[in-house]
Amino acid sequence: MSHSAPRGRGWEEPAVLLAVAAAILLADQLSKAVVIASLALGERAPVLGNLVVVWHVRNTGAAFSLFQGGLALFLVVSVAALFLIAYYHRAFRGRTLWLQGLLGVILGGTLGNLVDRVRFGYVTDFISVGIGELRWPTFNVADSSIVVGIIILVGYLSLGERPPREVAA
């Protein structure tokens with residue numbers, strides 16, 4: 001089975017990938033700009049009582065604030081992620097467009113945090129979920145996009161596209 005793009009559809013796959021990535025990047029950067037303009041560093045604003053709070057923090061680490069101060073490492077990881085996204089973009093050619101959209105979600109999130117790291121040396125996080133002091137690590141739109149996109153991609157690669165079973169006559 002060939003996975004090359006059908007004729008007349010060669011532009012759709014990169015267009016979907018880039019459009020979704022641009023939308024995620026825009027949502028990420030706009031939401032961070034609103035938080036920076038609206039809340040002082042460390043300030044919190046409840047959204048759903050104490051369950052969901054907008055909390056302006058800076059993260060020099062990775063997800064869950066691991067590896068604080070590892071800017072060079074995160075830049076290398078981001079570039080490696082961009083190469084993986086490009087690889088999967090080509091590998092998924094000719095399949096459903098939602099896969100390109102899914103890659104766009106991951107790409108947009110990767111670019112959102114990469115832009116912050118290059119511009120500021122840290123990432124602005126602001127979504128805090130939990131009860132009292134028992135809270136999930138603070139995150140942002142880019143983080144959510146990366147995590148959800150990768151979970152769906154891993155699920156697809158693990159459980160998705162299976163060869164059809166032969167039916168016994």
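Further up the page is the structure itself.
A quick note: this is a predicted structure, and the numbers were derived from the prediction, not measured. (Residues numbered from 1 in each chain as written. Predicted model: local features only at pLDDT ≥ 70, side-chain atom pairs only at ≥ 80, totals over all residues. Heavy atoms only, no water.)

A. Fine view of the pattern of salt bridges. This structure, assessed with the given rule, holds two salt bridges. One salt bridge in this structure joins D28 and K32, with 2.8 Å as the shortest N-O distance. With D28 and K32 both in helix α1 (residues 12-38) and four residues apart, this pair spans about one turn of that helix. By relative accessible area, D28 is classed as buried at 0%. Across the pair D116 and K32 runs a salt bridge, and its minimum N-O distance is 2.7 Å. On the criterion of sequence distance, the pair formed by D116 in helix α3 (residues 97-120) and K32 in helix α1 is long-range, its members being 84 residues apart. (Salt bridge = Lys/Arg side-chain N within 4 Å of Asp/Glu carboxyl O. Helix = DSSP H or I, 4+ residues; strand = E, 2+ residues; numbered from the N terminus. Buried < 20%, exposed > 50% of the residue type's maximum accessible area, 1.4 Å probe, protein only.)

B. The arrangement of the packing of α1 against α3 in detail. Close contact between α1 and α3 brings their axes to 7 Å; oriented N to C, the two are set at 40 degrees. Overall, the two elements α1 and α3 adopt an arrangement that is oblique. Between α1 and α3 lies a crossing whose hand is right-handed. For the contact of α1 with α3, the residue count by class is 12 nonpolar, eight polar and six charged. (Axes fitted to C-alpha atoms, helices over the stretch in contact; angles between N-to-C directions. Parallel < 35°, antiparallel > 145°, perpendicular 65-115°, else oblique. Left-handed = near helix turned anticlockwise from the far one by under 90°. Nonpolar A, V, L, I, M, F, W, Y, C, P; charged D, E, K, R; others polar.)

C. The arrangement of the nonpolar core in detail. If you look at the biggest cluster of nonpolar residues, it comprises 11 residues: L17, A21, I85, F92, L99, L102, L103, I106, L107, L153 and Y156. Elements supplying a minimum of two residues to this core: α1, α3 and α4 (141-159). Of the residues forming this core, the biggest block, five residues, is contributed by α3. (Core = buried A, V, L, I, M, F, W, Y, C linked by side-chain atoms within 4.5 Å.)

D. Structural detail: the side chain of S31. Summarising the element assignment, S31 is placed in helix α1. One polar contact links the side chain of S31 to the main-chain carbonyl oxygen of A27, over a distance of 2.9 Å. Those residues in contact with S31, other than ones at most four positions away along the chain, are F126 and V141. (Polar contact = N/O pair within 3.5 Å; in protein donor to acceptor, adjacent residues only side chain to side chain. Contact = heavy atoms within 4.5 Å.)

E. Layout of the sheet that holds strand β2 (residues 52-59). The strand order across the open sheet formed by four strands is β1-β2-β3-β4, and the pairing between neighbours is antiparallel. Only two strands of the sheet have a single partner each, and these edge strands are β1 (44-48) and β4 (134-135). Across six bridges, the pairing between β2 and strand β3 (residues 123-131) is antiparallel. Of the residues in β3, the one forming a bridge with N59 is V123. (Pairing = 2+ DSSP bridges.)

F. Broad picture of α3. Across its 24 residues, α3 extends 34 Å between first and last C-alpha, which sits within 8% of the 34 Å expected from 1.5 Å per residue. G121 lies just past α3 and shows a positive phi near 85 degrees. (Expected span 1.5 Å × (residues − 1).)

G. Layout of the packing of aromatic side chains. In total, this model carries five aromatic pairs according to the counting rule given. With 5.2 Å between their ring centres and 75 degrees between their planes, Y87 and Y88 make a pair best called edge-to-face. Judged by its relative accessible area of 52%, Y87 falls in the exposed class. Aromatic pair Y88 and F92: ring centres 5.4 Å apart, planes at 35 degrees, arrangement tilted. Ring-pair connections join several aromatic residues into one group, and the members of that group are Y87, Y88, F92, W98 and Y156. Across the ring face of W55, the terminal group of R44 is positioned such that the distance to the ring centre comes to 3.6 Å. (Phe/Tyr/Trp six-rings, centres within 6.5 Å; stacked < 30°, edge-to-face > 60°. Lys NZ or Arg CZ within 6 Å of the ring centre and 35° of its normal.)

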